[in-house]
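Letter by letter, the chains look like this.
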Amino acid sequence: MFSLKKILIFPRLIPKKKDGIFYTKIKELLGFPPKNLSYYSEAFTHPSYQFQKATRKSYERLEFLGDAILGAVIADYIFTNAPEQDEGYLTKMRSKIVERRNLNQLGKDMRLLDFLRTKLTPRQLGNNITGNLFEALIGAIYLDRGYKACFKFIERELILPYINIKNLEGKVISHKSLLIEWCQKHKLDFAFEAEEDIEDCSETKFFVAKVHVQGFSVTRARSTSKKKAEEIAAKRACYKIQGKQHHKLDVQ
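Residues numbered from 1 in each chain as written. Predicted model: local features only at pLDDT ≥ 70, side-chain atom pairs only at ≥ 80, totals over all residues. Heavy atoms only, no water.

Asks: Can you walk me through the pairing of strand S3 (residues 216–223) in this structure?
Replies: Residues in a regular strand project their side chains so that they alternate between the two faces of the sheet. Alignment of strand S2 (residues 207–213) against S3, held across 7 bridges, turns out to be antiparallel. Across the sheet, valine 211 pairs through a bridge with threonine 219, a residue of S3. Counting the residues in the hairpin turn of S2 and S3 gives 2 residues, including glutamine 214, whose phi is positive at 55 degrees. (Pairing = 2+ DSSP bridges. Helix = DSSP H or I, 4+ residues; strand = E, 2+ residues; numbered from the N terminus.)

Right, dumping it as structure tokens:
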């Protein structure tokens, strides 16, 4: 016969069915059992899902932590696997690996949106949500299991299947930065000019960016943000310069 104490304690030992399903899915995602499920619950909770500000927790704080841990793991990996390279090379390679497009694609491949609790539609969440969730997941793993577990997880999910250091060496992540470096190397004056396209009559706001080198307008581009328009214009300028020189732009 059960004592009153055992009767009161027994139900607490049985996890809620909903939590049990989440636990199983997280375990499959991680490849190991989580110790503290609450970290992962927070990592997949959007601010829109929480109503009380005072007690609200979402993936945003874990995303901040995960971003730092991810950077440290990638720096650790590159430092170990490129022993002859200098600080500038290591910095560029880390930037290429943790580029937002890479993380967004990885988050999509891992189907992280399937875990997210939110009141918004996928379209309302924006293009970077899957990359943000990946960083939040890294933050949760760090709090739950520590640095070594983070390293193994990132190595398995990101580095081994996606990263080839030799292939990345020639990859350009910012044509604007490349163009600026090239102009500085050749001591050429340059300028970026971006303004709203007032001639456009559509509901969407567009911006027009122009690249000037030595006082001459080299290229122009149009996009939904100044940053995107400048990057497209810079990319066109790089290709234009590359075509005239008959070889790849080199700022080394």
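Asks: Looking at this structure, I do not really get the nonpolar core. What am I missing?
Replies: Where a protein is soluble and globular, its nonpolar side chains tend to be buried together. Ranked by size, the top nonpolar core spans 44 residues in total, and within it Tyr40, Phe44, Phe134, Leu137, Ile141 and Leu158 carry the most contacts. When contributions to this core are tallied by element, the ones reaching two or more residues are helix H2 (17–30), helix H3 (37–43), helix H4 (59–81), helix H5 (87–97), helix H6 (100–109), helix H8 (129–145) and helix H9 (147–162). Counting residues in each nonpolar core, the second largest holds 14 residues, with Leu178, Ala221, Ala234 and Ile241 among its members. (Core = buried A, V, L, I, M, F, W, Y, C linked by side-chain atoms within 4.5 Å. Buried < 20%, exposed > 50% of the residue type's maximum accessible area, 1.4 Å probe, protein only.)

Asks: Help me out: how do you make sense of the packing of H6 against H9 in this one?
Replies: Helix-helix packing: each pair is described by the crossing angle between the helix axes and the interaxial distance. The geometry of H6 relative to H9 is characterised by a closest axis approach of 11 Å and an angle of 115 degrees between their N-to-C directions. The way H6 lies across H9 gives a crossing that is right-handed. Taking contact as the criterion, the partners of Leu103, Leu106 and Asp109 in H6 are, on H9, Glu157, Leu158 and Tyr162. Partitioned by chemical class, the residues of the contact of H6 with H9 number 4 nonpolar, no polar and 2 charged. (Axes fitted to C-alpha atoms, helices over the stretch in contact; angles between N-to-C directions. Left-handed = near helix turned anticlockwise from the far one by under 90°. Contact = heavy atoms within 4.5 Å. Nonpolar A, V, L, I, M, F, W, Y, C, P; charged D, E, K, R; others polar.)

Asks: Any chance you could explain the packing of H8 against H9 here in plain terms?
Replies: Interaxial distance between H8 and H9 falls to 7 Å at its minimum, and their mutual angle equals 145 degrees. Regarding H8 and H9, the two cross each other, and that crossing is right-handed. Listed contacts from H9 to Phe134, Leu137, Ile138, Ile141, Tyr142 and Arg145 of H8 are Tyr147, Ala149, Cys150, Phe153 and Ile154. Residues belonging to the contact of H8 with H9 are distributed by class as follows: 10 nonpolar, no polar and 1 charged.

Asks: Teacher, can you tell me more about the environment of leucine 90 here?
Replies: Position of leucine 90 relative to the elements: it lies in helix H5. Linking leucine 90 and alanine 75, residues 15 residues apart in sequence, is a C-alpha distance of 7.3 Å.

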